[in-house]
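# Chain and residue survey
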Amino acid sequence: MYAFDFEKPGSIADAVAALKDEDAQALGGGQTLIPTLKQRLAMPSKLVSLTGISEMQGVCRGDDGAVCVGGATPHAVVAAEAGDYPALAALAAGIGDPAVRNRGTIGGSLANNDPAACYPAAALASAATIVTDHREIAADDYFQGMFTTALDEGEIVTEVRFPVPEKAAYMKFEQPASRFALVGVFVAKFADGVRVAVTGASEEGVFRWTEAEQALSGDFSAAALDGLSVPADGMIGDLHGSGAYRAHLVVVMTKRAVEAAA
Amino acid sequence: MTQLTMTVNGKAVSGDVEGRTLLVNFLRDTLRLTGTHVGCDTSQCGACVVHVNGQAVKACTMLALEAEGAEVATIEGQADADGSLNAIQQAFQDHHGLQCGFCTPGMVMSAAALLKENPKPTEAEVRDYLEGNICRCTGYHNIVKAIMAASGQDVGAIAAE
Ligand SMILES: Cc1cc2nc3c(=O)[nH]c(=O)nc-3n(C[C@H](O)[C@H](O)[C@H](O)COP(=O)(O)OP(=O)(O)OC[C@H]3O[C@@H](n4cnc5c(N)ncnc54)[C@H](O)[C@@H]3O)c2cc1C
Ligand code: FES
Ligand code: FES
């Protein structure tokens, strides 16, 4: 790692101020950023740790019924405390391994927007709101392709608000070495329709599978997906699986998610 | 350099670190507590697992300064007060839960975190919890058996493979 300064502010306001310095960067749980720094793929002048900010910690229930997760909340805490949204708690409990879950945070995961990460699927399928230090961003506008989001330089994810669906489930086909999603599908059934978000598969990062949403909004059953397919074009192909294989898995995992949710 | 203070295995310690100093380097190089191993240095293998405020973390993927003021527990603090092995360590010896021993400190620390959360885990729960601890020697079977035994469960029925 190149040398950098370290700061650990106690409030969002102090963190925002600290991030104004040139080449300063936020540090969540470090489970992605520290390996990146070790490879010298980044050279921040200063890391601003968000783990000491109590207003960014924990899970609560908003007045509108949404489950609100502080931006620096580790996955293990979401797994233990998001019982009001069981599919979200289960997703958090399935990220990486226990030590990764004790450090890695929801804000870090959403800011990084790894094309194989789990939380982007939950946020997109739930029509979550990503709250930052100065605005609110709808999930539909937030994810802008692999490792790309609507966040500006120095902007901090302070909270994520998840509307709670009537039924939901996340099904992840694990890439056995990394434990990330080879393909992961989050299905959420709301009173006014179904949303389906797919991670791990597309070269564009997390995406909504709208044909499946339409079919499931009429008939929320795995059988409603019979005959639907996803084009292999634009799917990630690597040594773990071809684009065609991933496209096939999208359908399989969506069916499994519907069955688990129903 | 910044002065860093924390409690390690019940003792107050301090030392000078850089922003980029990893917790595992502080433990191994500054404090000379070399029981915590570095296997991969890429947060995959779990040889570096220690507890920070009671929680298992990979010390190779945490900055030392993040542990300012924390209670840290390492393998060196696991033996009982009289120096004899604790229940988990003894079970690893009794059930041949190690061969070269490189992964063992991380395995023992992960096992301790598991048993604190879940005092009587099933075999499947033990295997699931050890997802982030890699062993190149044993094939895991006797590690799982040792942890089941350390939790006071009968492991007679778990045959060696
Ligand atoms: C072995 C292993 C297995 C894993 N398995 C999975 C898996 O199965 N599924 C999965 O989804 N993930 C997985 N991960 C990734 C893990 O969930 C990371 O914790 C996560 O992607 C990044 O979160 P972090 O808090 O560690 O962020 P960091 O590494 O600290 O930061 C990542 C990026 O986000 C920025 N950032 C951090 N917090 C914020 C914030 N609040 N606001 C704005 N920007 C911020 C940082 O500047 C940096 O650019 C795994 C990681 C490891 C090491
Ligand atoms: S050395 Fe830390 S996980 Fe391998
Ligand atoms: S005993 Fe050798 S790596 Fe586990």
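Note that the structure is predicted; figures quoted are calculated from it, not measured.

This part covers empty space enclosed by the protein. In the structure shown here, the tally under the stated rule is one cavity of 30 Å³ or more. Here the largest cavity is characterised by a volume of approximately 40 Å³. When residues of the lining of the largest cavity are traced back to their parent elements, those giving at least two are helix H5 (98–103) of chain A together with strand E4 (55–58) of chain B. Counted by class, the lining of the largest cavity contains five nonpolar, three polar and two charged residues. Shared between two domains, the lining of the largest cavity holds at least three residues of each, these being domain 1 (2–77) and domain 2 (87–150) of chain B.

With that settled, consider the side chain of Arg 195 of chain A. Residue and element names in this part refer to chain A. Along the chain, the position of Arg 195 falls in strand E11 (residues 193–199). Arg 195 sits in the buried class, given a relative accessible area of 12%. Among the polar contacts listed, one links the side chain of Arg 195 to the backbone oxygen of Ala 125, at a separation of 3.3 Å. Side-chain polar atoms of Arg 195 contact the side chain of Asp 140, separated by 3.1 Å. When residues no more than four places from it in sequence are discounted, the contact partners of Arg 195 are Leu 124, Ala 125, Ser 126, Ala 127, Asp 140, Phe 186, Val 187, Ala 188, Phe 190, Arg 208 and Glu 213.

Facing 20 residues of chain B, the contacting portion of chain A comprises 27 residues. Counting each side, the surface lost to burial between chain B and chain A is near 2,000 Å², with a carbon and sulfur contribution of 55%. Inspection of the chain B/chain A interface yields five salt bridges. For the salt bridge of Glu 66 of chain B with Arg 103 of chain A, the shortest nitrogen-to-oxygen distance reads 3.8 Å. Between the two partners, chain B and chain A, sit ten residue pairs in polar contact (both at pLDDT 80 or more). With four residues, the top contributor of residues to the side of chain B that touches chain A is E4 of chain B. For the side of chain B that touches chain A, the per-class residue count stands at eight nonpolar, six polar and six charged.

All names here are of chain B. Residues Leu 23, Val 24, Phe 26 and Leu 27 constitute the buried set of helix H1 (residues 23–30). Taken around the axis of H1, the buried residues stretch over an arc of 165°, which confines them to a single face. The elements touched by buried residues of H1 are strand E1 (2–8), strand E2 (11–17), strand E3 (49–52) and strand E5 (71–73). At the exit of H1 stands Arg 32, carrying a positive phi of roughly 60°.

Another point: the environment of Asn 25 of chain B. Relative to the helices and strands, Asn 25 of chain B is located in helix H1. C-alpha separation for the pair Asn 25 of chain B and Val 49 of chain B, spaced 24 residues apart in sequence, amounts to 13 Å.

Here we take up the site of ligand 1. Taken together, 32 residues lie around ligand 1, and Ala 26, Gly 29, Leu 33, Thr 105 and Arg 179 of chain A are the ones closest in. Around ligand 1, the neighbouring residues derive from chains A and B rather than from a single chain. At 3.0 Å from an oxygen atom of ligand 1 is found a side-chain nitrogen or oxygen belonging to Gln 25 of chain A. In this structure, Arg 179 of chain A approaches ligand 1 through a main-chain N or O atom, which is 2.6 Å from an oxygen atom. About the coverage of ligand 1: the protein hides 94% of its 960 Å² of free accessible area. When residues of the shell around ligand 1 are traced back to their parent elements, those giving at least two are strand E2 (24–27) and helix H6 (106–112) of chain A. The biggest single contributor to the shell around ligand 1 is H6 of chain A, with four residues. Looking at the shell around ligand 1 residue by residue, the class counts come to 13 nonpolar, 16 polar and three charged.

Entries for chain A in the domain assignment read domain 1 (1–48) and domain 2 (167–261). Distance from the C-alpha centre of domain 1 of chain A to the C-alpha centre of domain 2 of chain A: 34 Å.

This next bit is on the packing of helix H2 (residues 87–94) of chain B against helix H5 (residues 141–150) of chain B. All names here are of chain B. One way to put it is that H2 packs onto H5 with a least axis distance of 8 Å and a crossing angle of 135°. The angle between H2 and H5 falls in the class oblique. By crossing handedness, the relation of H2 to H5 is classed as right-handed. Here Ala 87, Ile 88, Ala 91 and Phe 92 of H2 come into contact with H5, specifically with Ile 143, Ala 146, Ile 147, Ala 149 and Ala 150. Per-class residue counts for the contact of H2 with H5 are nine nonpolar, no polar and no charged.

Here we come to H2 of chain B. Residue and element names in this part refer to chain B. Within H2, burial applies to Ile 88, Gln 89, Ala 91 and Phe 92. An end-on view of H2 places all buried positions within 160° of arc, on one side of the element. The opening residue of H2, the one whose side-chain oxygen lies 3.0 Å from the backbone nitrogen of Ile 88, is Asn 86. Within two residues after H2, His 96 carries a phi angle of roughly 55°, on the positive side.

Reading guide: rules and limits
- Residues numbered from 1 in each chain as written.
- Chains lettered and ligands numbered in written order.
- Predicted model: local features only at pLDDT ≥ 70, side-chain atom pairs only at ≥ 80, totals over all residues.
- Heavy atoms only, no water.
- 1 Å grid on protein atoms, 1.4 Å probe; cavity = no way out; pocket = protein on both sides within 12 Å on 5 of 7 lines; lining within 4 Å.
- Points joined across faces, edges and corners; volume = space filled by probe spheres on them.
- Helix = DSSP H or I, 4+ residues; strand = E, 2+ residues; numbered from the N terminus.
- Nonpolar A, V, L, I, M, F, W, Y, C, P; charged D, E, K, R; others polar.
- Domains from an automatic or database assignment.
- Buried < 20%, exposed > 50% of the residue type's maximum accessible area, 1.4 Å probe, protein only.
- Polar contact = N/O pair within 3.5 Å; in protein donor to acceptor, adjacent residues only side chain to side chain.
- Contact = heavy atoms within 4.5 Å.
- Buried area = accessible area lost by both parts, 1.4 Å probe.
- Salt bridge = Lys/Arg side-chain N within 4 Å of Asp/Glu carboxyl O.
- Arc of directions from axis to C-beta.
- Near = heavy atom within 4 Å.
- Areas by Shrake-Rupley, 256 points an atom, 1.4 Å probe, with all protein chains shown as cover.
- Axes fitted to C-alpha atoms, helices over the stretch in contact; angles between N-to-C directions.
- Parallel < 35°, antiparallel > 145°, perpendicular 65-115°, else oblique.
- Left-handed = near helix turned anticlockwise from the far one by under 90°.

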